[in-house]
Amino acid sequence: MTDKDVKLVSTEELGEMDAKTGYTSPIFGSYASDVEMPTTKLNRDPIEPRIASEIIREYIGTEGNAHQNLCTFVQTYMEPEAAELMKDTLEKNAIDKDEYPMTADLENRCVKIIQDLWHADQNEQPMGTSTVGSSEACMLGGLAALFRWKALAKEAGIDIYSSHRPNLVITSGYQVCWEKFCRYWDIEMREVPMDADHLYMTPEQCMKYVDDHTIAVVCILGITYTGCYDDVKGIDAALTEYNKTTNMPVRIHVDAASGGMVAPFIEPDLEWDFRLPNVWSISTSGHKYGLVYPGIGWIEWRSKEALPEDLIFWVSYLGGQEATMAINFSRSASQIVGQYYVFMRNGFEGTKEIQQRTMDVAHHLVEGIKKMGIFIMYEEATEIPILCWSLDPAAGKKWTLYDLDDRLRMHGWQIPAYPLPANMEDVTCQRIVTRADLSMSMADKFLKDMAAEIKNLDNATVIGQQDSNISKKSFDHSGR
């Protein structure tokens, strides 16, 4: 059938056919199923809802399977009951707290639950809010630090409008949201480089970059490149000593996008949170190891002092006033409801079981990849369920990890190859993010597919380029 034929079928004629058949005509027996999907402008006529949905479903069905996307941190499974509950609340606007007070109450409960997980002292009046992912949460944490620094600088007589810009100290393995924050608000980003022995930020390296213009040190609990934790406790101790010598004290924001929902269950004795005096704010992603579908993040400040009043806005709530700090306003409350469902459904022990099993699968993958004997392991899921490896030059392979990346995609697996950040750009790695929906049996299937494709590459007569700039740009660490 041609476009011309399709246009000969009018909306009235389609309506008459639908009236006769009662929408019983098979989807692919319908003239409307041949209507072109709109690209730059709307189609002239409406079409039947079941046909529109099927055409779109068919189109997006050609892309990757989310469950085999082992490069994303973002949650790809929730229980059907949770998905149904979220669907039922899609129409509620999270900012309308007076109109939806019970939903607002669930958000406040989530804030308190997370404060408890991170050992906030309620006597300090901690503050917190939901956000659209942890990128917005990081923006808010950075803004609070900037506003605090400006107030201190004014008291100290420092010219905040001089050419000497305020700065933020962070590992070179940062996530791109921090680059955005620094660019948006004209902050100098001081990157602490990695090295082969320290794929994370150490206090010794960090303190070389701190001065009176430092608005905060950002410690990452789960660097996206490797999964490693920065030494938060060590940096906190170093800042305690530094702050004794200055009237411009420097505090820590912990970007716990991944680790914030893992460490309390897997390493409860690890001190990285509000137990440390210089940790003044923490952000996390509810849609990573918080086990919720994309669209939810959280930020907590240890006290009212940590959150400048200028960042707090007040909205009507139950006849009174409710503080709101989020940048975004109109957004669905469904992810908040989904987060509360996860907390209520799993409890502490259930969440611990999920995170531990996810770690077990990651360790199983580590052992399977190590047994192949041709890789150097950079991270073995020691803290969050991430493993990272490079190809051992001593293995004498003629192919690269970019070639292996391509071959694995033929099986549906998405395992990115990418260079490490500053000071280690010459090292190309692959990374797997193990999530709750990756079972042991699927992990075994991946290892089997990986071994088969390594054999195919070893026997190949045509190999891709050893160094490809295009390949090195193929993976984006920006997903939050």
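Everything here concerns the structure above.
Residues numbered from 1 in each chain as written. Predicted model: local features only at pLDDT ≥ 70, side-chain atom pairs only at ≥ 80, totals over all residues. Heavy atoms only, no water.

Colleague: Looking at this structure, I do not really get the sheet that holds strand E2 (residues 167–171). What am I missing?
Modeller: Adjacent strands of a sheet form backbone hydrogen bonds with each other and so pair up, either parallel or antiparallel. Read across the open sheet, the seven strands follow the order E1-E7-E6-E5-E4-E2-E3; overall the sheet is mixed. Single-partner strands in this sheet number two, and they are strand E1 (127–131) and strand E3 (188–192). Averaged over all adjacent pairs, the angle separating strand axes in this sheet is 20°, with direction ignored. As judged from the five bridges shared by E1 and strand E7 (residues 297–301), these two strands associate in the antiparallel manner. Looking at the pairing, Met127 lines up with Trp301 of E7. Packing against the sheet, helix H7 (residues 176–184) makes contact with E2, E3, strand E4 (214–220) and strand E5 (252–255), and its axis sits at approximately 170° to E2. (Pairing = 2+ DSSP bridges. Helix = DSSP H or I, 4+ residues; strand = E, 2+ residues; numbered from the N terminus. Axes fitted to C-alpha atoms, helices over the stretch in contact; angles between N-to-C directions. Contact = heavy atoms within 4.5 Å.)

Colleague: For this particular structure, what's the right way to read the packing of helix H11 (residues 334–371) against helix H13 (residues 440–459)?
Modeller: Between two packed helices, the angle of one axis relative to the other and the distance separating the axes together describe the packing. Contact pair H11 / H13: the axes reach a minimum separation of 10 Å and the direction vectors enclose 20°. One element, H11, and the other, H13, form an angle in the roughly parallel class. Read as a crossing pair, H11 and H13 show a hand that is right-handed. Of the residues in H13, those touching H11 at Arg357, Asp360, Val361, His364, Leu365, Gly368 and Ile369 are Met440, Ala443, Asp444, Phe446, Leu447 and Met450. Residues that form the contact of H11 with H13 fall into these classes: eight nonpolar, two polar and three charged. (Parallel < 35°, antiparallel > 145°, perpendicular 65-115°, else oblique. Left-handed = near helix turned anticlockwise from the far one by under 90°. Nonpolar A, V, L, I, M, F, W, Y, C, P; charged D, E, K, R; others polar.)

Colleague: Explain the side chain of Asp405 to me, please; I cannot follow it from the model alone.
Modeller: On the secondary structure map, Asp405 appears in helix H12 (residues 401–409). Not counting chain neighbours up to four residues away, the residues in contact with Asp405 comprise Ile415, Pro416, Ala417 and Gln430.

Colleague: I keep staring at the pairing of E2 and nothing clicks. Help me out?
Modeller: As a general feature of sheets, a regular strand has side chains that alternate between the two faces. Most of E2 sits out of view: five of its five residues are buried. Going residue by residue along E2, you find Asn167, Val169 and Thr171 tucked away on one face and Leu168 and Ile170 tucked away on the opposite face as well. Looking at chain direction, E2 and E3 are connected through five bridges and run parallel. Opposite Thr171, over in E3, you have Val192 as the bridge partner. You can see the chain leave E2, run along H7 and come back into E3, and the turn it takes is right-handed. Note: E2 against E4, four bridges, orientation parallel. Across the sheet, residue Val169 finds its bridge partner in E4, namely Val217. (Buried < 20%, exposed > 50% of the residue type's maximum accessible area, 1.4 Å probe, protein only. Right-handed = clockwise from strand over helix to strand, strands pointing away.)

Colleague: Sorry if this is basic, but what is going on with the packing of aromatic side chains here?
Modeller: Think of a pair of aromatic rings as described by two things: how far the centres are apart, and how the planes are tilted against each other in angle. Overall, the coordinates contain eight aromatic pairs when judged by the stated rule. Ring geometry for Trp118 versus Trp272: centroids 5.9 Å apart, planes at 75°, classification edge-to-face. Here Trp118, found in the loop between helix H5 (101–117) and E1, pairs with Trp272, found in the loop between helix H10 (263–266) and strand E6 (279–285); they are 154 residues apart in sequence, far enough to count as distant. Neither Trp118 nor Trp272 differs from the other in exposure class; each is buried. An aromatic cluster is defined as three or more aromatic residues linked by ring pairs; in this entry it consists of Trp178, Phe181, Tyr184 and Trp185. The ring of Phe147 carries the charged tip of Lys150 above its face, separated from the ring centre by 5.9 Å. Positioned above the aromatic ring of Phe73 is the side chain of Lys288, whose terminal nitrogen or guanidinium carbon lies 4.8 Å from the ring centre. (Phe/Tyr/Trp six-rings, centres within 6.5 Å; stacked < 30°, edge-to-face > 60°. Lys NZ or Arg CZ within 6 Å of the ring centre and 35° of its normal.)

Colleague: For this particular structure, what's the right way to read the side chain of Ser172?
Modeller: Among the structural elements, Ser172 can be located in the loop between E2 and H7. Among the polar contacts listed, one links the side chain of Ser172 to the backbone nitrogen of Met194, at a separation of 3.5 Å. Each residue touching Ser172, except ones within four places of it in the same chain, is listed here: Glu191, Val192, Pro193, Met194, Pro421 and Ala422. (Polar contact = N/O pair within 3.5 Å; in protein donor to acceptor, adjacent residues only side chain to side chain.)

Colleague: Would you explain the sheet that holds strand E11 (residues 386–391) in this entry?
Modeller: Taking strand neighbours across the sheet as the criterion, the four strands line up as E10-E11-E13-E12 in an open arrangement whose pairing is antiparallel. The open sheet has two edge strands, strand E10 (375–380) and strand E12 (417–419), and neither has a second partner. Pairs of neighbouring strands in the sheet enclose a mean axial angle of 35°, with direction left out of account. Here E10 runs beside E11; their pairing, made up of five bridges, is antiparallel.

Colleague: So what exactly am I meant to see when it comes to the environment of Gln205 here?
Modeller: Along the chain, the position of Gln205 falls in helix H8 (residues 203–206). The spatial distance from the C-alpha of Gln205 to the C-alpha of Ile235 is 9.5 Å, given a sequence separation of 30 residues. Those residues within four positions of Gln205 in sequence are excluded, and the remaining contacts are Val192 and Pro193. At a separation of 2.7 Å, a polar atom in the side chain of Gln205 contacts the side chain of Lys208.

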